[in-house]
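Structure at a glance
Read off the chains here:
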Amino acid sequence: MKNILRRIVSAGLVLCMAGALASCAKKKSMTVQKDKLIMATNAYFPPYEYYDNSKIVGIDAEIAEAIAKKLGLELEIQDVEFDSIIAGVQSNKYDIGMAGMTVTDERKLAVNFSTTYATGIQAVIVPEGSEITDVDTLLGGDYKVGVQQGTTGDIYMSDVSGGVGEDRVVRFSKGNDAVLALSTGKVDAVVIDNEPAKSFVAANEGLTILETAYVEEEYAMCINKNNTELLEAINKALKELTEDGTIPAIIEKYIPSKG
Ligand code: GLN
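Description of the structure in this document. (Residues numbered from 1 in each chain as written. Predicted model: local features only at pLDDT ≥ 70, side-chain atom pairs only at ≥ 80, totals over all residues. Heavy atoms only, no water.)

**Regarding the site of the ligand**
Around the ligand there are 13 residues in total, and Ala99, Thr102, Gln148, Thr152 and Asp193 lie nearest to it. Here a nitrogen atom of the ligand sits 2.8 Å away from a polar atom, N or O, in the main chain of Gly100. Side-chain polar atom of Thr102 to a nitrogen atom of the ligand: 2.7 Å apart, as the coordinates give it. Protein contact buries 100% of the 290 Å² of open area that the ligand shows by itself. (Near = heavy atom within 4 Å. Polar contact = N/O pair within 3.5 Å; in protein donor to acceptor, adjacent residues only side chain to side chain. Areas by Shrake-Rupley, 256 points an atom, 1.4 Å probe, with all protein chains shown as cover.)

Laid out in structure tokens, this is it:
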């Protein structure tokens, strides 16, 4: 009798544990760390992300903050090299990558992208008075082009078709370092996204942006391919925050429309 009781009790215990595990699995956090949204960025890309004293601010930081709030999560921003963001999202080190990141077919093989929240343009910065007056001159000549490592500017420029080819590309880990190299004559032009380009040109004398844009692109957040729950939650939040005017107001704050 005792034995039977014992068996019933232990069977019950096993069932309870299985139940606990199942409910535990159901409540599994959709983010890497419970209650947190960990965003990887490269905080040298104004006005999308940059340091204001020791705080990372900018369009991406504010949109991420609004999304985290909507999802009931606490935002944590980690400043890393741009070209380590996708790998970190793939290995679940970070929940999202948000860094003025362009949606490309190749990146789509590695990560999922959210809905687009901004447009970017690859611009060409040259010294004032440069003989490079348009993109064709840049591509046709024997010029050295500075880029930020792993960015679309790097990818397109390094390609011989459409770009200038590897031999003429000089890679820097930060966009600003490429611009400094341009100021000191180490490269002849810099290809970089137009909004950071404007900030860099404003901060460094003697530089100008060519009127002809190189490529137009779309920015989105990247998310681990297996985490469709987070992707859907973020897309829903993005939609609501666009419709209620939050995102347009954040963009307007950092990139005031003229007039
Ligand atoms: N938009 C570019 C890219 O995705 C550059 C982004 C960046 O430098 N933060 O490659």
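Once the structure has been displayed, the description carries forward.
**Some remarks on the pattern of salt bridges**
Evaluation of the coordinates by the stated rule reveals 10 salt bridges. Between Lys253 and Glu62 there is a salt bridge, and its shortest N-O distance comes to 2.5 Å. In this pair, Lys253 is assigned in helix H10 (residues 246–254) and Glu62 in helix H2 (residues 59–70), connecting sequence segments 191 residues apart. Among the salt bridges present, the one from Glu240 reaches Lys236, with a minimum N-O distance of 3.3 Å. (Salt bridge = Lys/Arg side-chain N within 4 Å of Asp/Glu carboxyl O. Helix = DSSP H or I, 4+ residues; strand = E, 2+ residues; numbered from the N terminus.)

**Focus on the packing of aromatic side chains**
On inspection of all chains with the given rule, the structure shows 5 aromatic pairs. In this structure an aromatic cluster arises from ring pairing among Phe45, Tyr48 and Tyr219. The ring of Tyr44 carries Lys174 above its face, with NZ or CZ at 4.8 Å from the centroid. (Phe/Tyr/Trp six-rings, centres within 6.5 Å; stacked < 30°, edge-to-face > 60°. Lys NZ or Arg CZ within 6 Å of the ring centre and 35° of its normal.)

**A short note on H2**
Helix length check: H2, at 12 residues, gives a terminal C-alpha distance of 17 Å against a target of 16 Å (1.5 Å per residue), a fit within 8%. When H2 is considered as a whole, its buried residues turn out to be Ile59, Asp60, Ala61, Ile63, Ala64, Ala66, Ile67 and Ala68. On its buried face, H2 is in contact with strand S1 (36–41), strand S3 (49–52), strand S4 (55–57), strand S5 (74–79), helix H9 (228–243) and H10. Where H2 terminates, the next one or two residues include Gly72, which has phi positive at roughly 70°. (Expected span 1.5 Å × (residues − 1). Buried < 20%, exposed > 50% of the residue type's maximum accessible area, 1.4 Å probe, protein only. Contact = heavy atoms within 4.5 Å.)

**Comments concerning the packing of H9 against H10**
Look at H9 against H10: their axes get within 4 Å of each other, and the N-to-C directions meet at 70°. In terms of orientation, H9 and H10 fall into the roughly perpendicular class. Contacts between H9 and H10 involve Leu238, Leu241 and Thr242 from the first element and Thr246, Ile247 and Pro248 from the second. Classifying every residue of the contact of H9 with H10 by side-chain character gives 4 nonpolar, 2 polar and no charged. (Axes fitted to C-alpha atoms, helices over the stretch in contact; angles between N-to-C directions. Parallel < 35°, antiparallel > 145°, perpendicular 65-115°, else oblique. Nonpolar A, V, L, I, M, F, W, Y, C, P; charged D, E, K, R; others polar.)

**Re unusual backbone geometry**
In this chain, Pro46 is followed by Pro47 through a cis amide linkage whose omega measures 5°. Mapped onto the elements, Pro47 comes out in the loop between strand S2 (44–45) and S3. Even without being glycine, Asn53 reaches a positive phi, approximately 55°. Its place among the elements puts Asn53 in the loop between S3 and S4.

**A few points about empty space enclosed by the protein**
Empty pockets left among the atoms are what a rolling probe the size of a water molecule brings to light. In total, this model carries 2 cavities of 30 Å³ or more according to the counting rule given. In this structure, the largest cavity occupies an estimated 60 Å³ of space. Forming the walls of the largest cavity are Phe45, Phe82, Gly100, Thr102, Arg107, Gln148, Thr151, Thr152 and Asp193. Tallied by class, residues from the lining of the largest cavity come to 2 nonpolar, 5 polar and 2 charged. (1 Å grid on protein atoms, 1.4 Å probe; cavity = no way out; pocket = protein on both sides within 12 Å on 5 of 7 lines; lining within 4 Å. Points joined across faces, edges and corners; volume = space filled by probe spheres on them.)

**Description of the sheet that holds strand S7 (residues 112–113)**
Pairing is mixed in the open sheet, where 5 strands are placed in the order S5-S1-S6-S14-S7. Whereas interior strands pair on both sides, the edge strands pair on one side only; in this sheet they are S5 and S7. Pairing analysis gives 2 bridges linking S1 to strand S6 (residues 96–97), with the strands arranged parallel. Opposite Met39, over in S6, you have Ile96 as the bridge partner. (Pairing = 2+ DSSP bridges.)

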